[in-house]
Amino acid sequence: MTMPAPGIRAVLLLLALAATPAAAPAAAEATAPPQDLASLKNAYREVDLRQFVAASRTGKPGLRTIFVPARVKFRARLARPPIPQESDYLMSALQATGVVNPPTVEHGIGLDYGGEKGLAAYIEKDAARHLASAAKAGDTLTFYALHVYNNHRGPALVIVSFGQ
């Protein structure tokens, strides 16, 4: 039996996830905004970004593994402030996993986490606006993010908040 091409495997995975009824409640819960700072800190699983990136790489360009978004938090240095970024694939992935009210994403940022290369991350619209006025490149921050899919570079993260 031959395996489908990597791009087709990603589409098949998207279709399988979209057909999974259990994905919708978890996805909606994953993106529900916490009520206050204390619940924000407790609602996100802390990860070591260096290990997380290494474990999240799919190995092959074009191969993506999409799943119900998971909440993670980590410390990293802001390497590049928000710049405009396309998010069509991200929105398709969120929709396929049953996310009802996806975050509005128009920008991306660069993160330095001590790996051989930095990591590009999506950032929610209001968080991008706040980050642009409250932090500068070189600042080390705690980031709160949704882990939406993996690709050959590592995890696709949507930053939804940050703090000192």
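Everything here concerns the structure above.
Analysis parameters
- Residues numbered from 1 in each chain as written.
- Predicted model: local features only at pLDDT ≥ 70, side-chain atom pairs only at ≥ 80, totals over all residues.
- Heavy atoms only, no water.
- Pairing = 2+ DSSP bridges.
- Helix = DSSP H or I, 4+ residues; strand = E, 2+ residues; numbered from the N terminus.
- Right-handed = clockwise from strand over helix to strand, strands pointing away.
- Buried < 20%, exposed > 50% of the residue type's maximum accessible area, 1.4 Å probe, protein only.
- Arc of directions from axis to C-beta.
- Contact = heavy atoms within 4.5 Å.

## Observations concerning the pairing of strand β2 (residues 65-84)
- Examined bridge by bridge, strand β1 (residues 45-46) and β2 share two bridges and lie parallel to one another. Counterpart to Arg45 in the pairing with β2 is Val72.
- Chirality of the crossover, the property in question, places the unit of β1, helix α4 (residues 49-56) and β2 among those that are right-handed.
- Sheet topology places β2 next to strand β5 (residues 140-151); ten bridges connect them, and they run antiparallel. When the bridges of β5 are listed, Lys73 appears paired with Tyr144.
- The pairing of β2 with strand β3 (residues 105-112) spans five bridges and is classified as antiparallel. Each bridged residue has a counterpart across the sheet, and for Arg77 the counterpart in β3 is Asp112.

## Some words on helix α6 (residues 125-134)
- When we look at burial in α6, the residues that qualify are Ala127, Ala128 and Leu131. All buried residues of α6 lie within an arc of 100° about the axis, which places them on one face of the element. Counted as exposed and oriented over 90 degrees from the buried face of α6: Arg129, Ala132 and Ser133.
- Where the residues of α6 are buried, they touch β2, β3, β4 (119-124), β5 and β6 (154-163).

## Here we look at the environment of Thr104
- Tracing the backbone shows Thr104 in the loop between α5 (88-96) and β3.
- Judged by relative accessible area, which is 41%, Thr104 ranks as partly exposed.
- Taking the C-alpha atoms as reference points, Thr104 and Ala127, 23 residues apart in sequence, are found 10.0 Å from one another.

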